[in-house]
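# Coordinate analysis (summary)
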Amino acid sequence: MTNNLISTNTDNFLKTLITTATAYQNGNKLPAAKEVVDALLAAEKAAKQQKLNYSFNSLMGKWRLCFVTGTKKARQRGGIILGKGIYIPKFVSINISFSSNQETVLDQGEVGNQVKFGAISLELTGPLKYPGKKNLLAFDFTQMKVSLFNRRFYHQKIRSGKSEAEDFYSQSIGKQAFFAFFLMTENLIAARGRGGGLAIWIREN
């Protein structure tokens, strides 16, 4: 009976999240934000209960941010609580990309975060590591690029650049920015950030 219930719950939240990703990609009617948040929380809970372990290769590629929740500090008992979830407007493109250094270290690579609005593009890049424990991916941004009409006019290191990247791999994840991924499929990924917010990305073609 319990196994059937877990299976039913999994089917429900997975169906909601897949529907969300497909509808966003195709410009169809989107599920209510509360329904998506509930599905994300259910997916996160299931990943912990089942101790799911996702491979680094599942993250490779370019992903577009589709849905995100804010957070706010709880007035009682400390900690944070989730804010309302929102869909990212289609006229703003927010992408994250992951690539690996398979020729050197299997669980290390580069992360890129690009925001495009009209003709302007801002891109941050830097090192990442994915040790596999609890599906945590730590990252840091060490380079910033700004482009206008696909022509780069600004490219600078952030902080100390390369030396900062080298120090990154020796630091503990507890001191770094990270995502805790709890769902990965061929076309979508979902995670909780260090600040407590939840997010869905869909694969870019």
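Note that the structure is a prediction, hence the values are computed from the model and not measured.

Calculation criteria
- Note on numbering: residues in each chain are counted from 1, in written sequence order.
- With pLDDT at 70 or above as the cut-off, local features in this predicted model cover only qualifying residues; side-chain atom pairs require 80 or more to be listed or tallied, and sums for whole chains, interfaces and linings still use all residues.
- Excluded from the side-chain calculations are hydrogens and water; all other atoms, namely the structure's heavy atoms, are used.
- Helical segments are the DSSP runs of H or I of at least four residues, strand segments are the runs of E of at least two, and each set is numbered from the N terminus.
- Burial classification: accessible surface area is computed with a 1.4 Å probe over protein chains only, and a residue below 20% of its type maximum counts as buried, one above 50% as exposed, and the rest as partly exposed.
- Between two residues, a contact is recorded if the distance between any of their heavy atoms is within 4.5 Å.
- Cavities and pockets were defined on a 1 Å grid built from protein atoms only: a cavity is a group of points that admits a 1.4 Å probe but offers it no way out, a pocket is an open group of points flanked by protein on both sides within 12 Å along at least five of seven lines, and a lining residue is one with an atom within 4 Å of any such point.
- Grid points are joined across faces, edges and corners, and a volume is the space filled by probe spheres set on the points.
- As a working rule, the residues Ala, Val, Leu, Ile, Met, Phe, Trp, Tyr, Cys and Pro are called nonpolar, Asp, Glu, Lys and Arg charged, and the rest polar, with Gly in that last group.
- Salt bridges, as used here, are contacts in which a Lys or Arg side-chain nitrogen is within 4 Å of a carboxyl oxygen on Asp or Glu.
- Only buried Ala, Val, Leu, Ile, Met, Phe, Trp, Tyr and Cys residues count toward a nonpolar core, and they belong to the same one when joined by side-chain atoms within 4.5 Å.
- For two strands to count as paired, DSSP must find a minimum of two bridges between them.

As a further point, take the environment of threonine 20. By secondary structure assignment, the location of threonine 20 is in helix α1 (residues 2–26). Taking relative accessible area as the criterion, threonine 20 reaches 0% and is therefore assigned buried. Residues threonine 20 and isoleucine 202 lie 182 residues apart in sequence; the distance between their C-alpha atoms is 9.6 Å. When near neighbours in sequence (up to four residues on either side) are disregarded, threonine 20 contacts Leu30, Pro31, Val36, Cys66, Tyr87 and Ile200.

In this structure, the largest pocket occupies an estimated 340 Å³ of space. What lines the largest pocket is a set of 16 residues, and nearest its centre among them are Lys48, Lys134, Asn135, Ala180 and Phe181. A breakdown of the residues in the lining of the largest pocket according to their chemical character gives seven nonpolar, four polar and five charged. There is about 160 Å³ of room inside the second largest pocket. Forming the boundary of the second largest pocket are Ile18, Ala21, Thr22, Gln25, Thr185, Glu186, Asn187, Leu188, Arg203 and Asn205. Counting residues per element, the lining of the second largest pocket draws most heavily on α1, at four residues. The residue makeup of the lining of the second largest pocket, split by class, is three nonpolar, five polar and two charged.

Below, the discussion takes up the environment of glycine 118. You can see glycine 118 is positioned in the loop between β4 (105–117) and β5 (120–129). With 26 residues separating them along the chain, glycine 118 and valine 92 place their C-alpha atoms 7.8 Å apart.

Attention now moves to the pattern of salt bridges. Taken as a whole, this structure holds two salt bridges when the rule is applied. Between lysine 34 and aspartate 38 there is a salt bridge, with the nearest N and O atoms lying 3.0 Å from each other. Note that lysine 34 and aspartate 38 are positioned in helix α2 (residues 33–50) at a spacing of four residues, about one turn of the helix. With relative accessibility at 60%, the residue lysine 34 sits in the exposed group. The shortest N-O distance in the salt bridge between arginine 192 and glutamate 44 comes to 2.7 Å.

Right, let's talk about the nonpolar core for a bit. What tends to happen in soluble globular proteins is that the nonpolar side chains get buried as a cluster. By size, the foremost hydrophobic cluster in this structure holds 44 residues, and its most contacted members are Leu17, Leu40, Leu59, Phe98, Leu137, Phe181 and Trp201. Looking at which element gives the most residues to this core, the answer is α2, with seven residues. If near-sequence neighbours (up to four positions away) are discounted, leucine 137 is found in contact with Phe56, Leu59, Phe98, Leu128, Lys129, Tyr130, Ala177, Phe178, Phe179 and Phe181.

As judged from the six bridges shared by β5 and strand β7 (residues 143–148), these two strands associate in the antiparallel manner. Bridging across to β7, serine 121 finds its partner in serine 147. Where β7 and strand β8 (residues 151–157) come together, six bridges link them in antiparallel fashion. In the sheet register, lysine 145 faces β8, and the bridge partner there is histidine 155. What sits between the antiparallel neighbours β7 and β8 is a turn of two residues, in which phenylalanine 149 has the positive phi angle 50 degrees.

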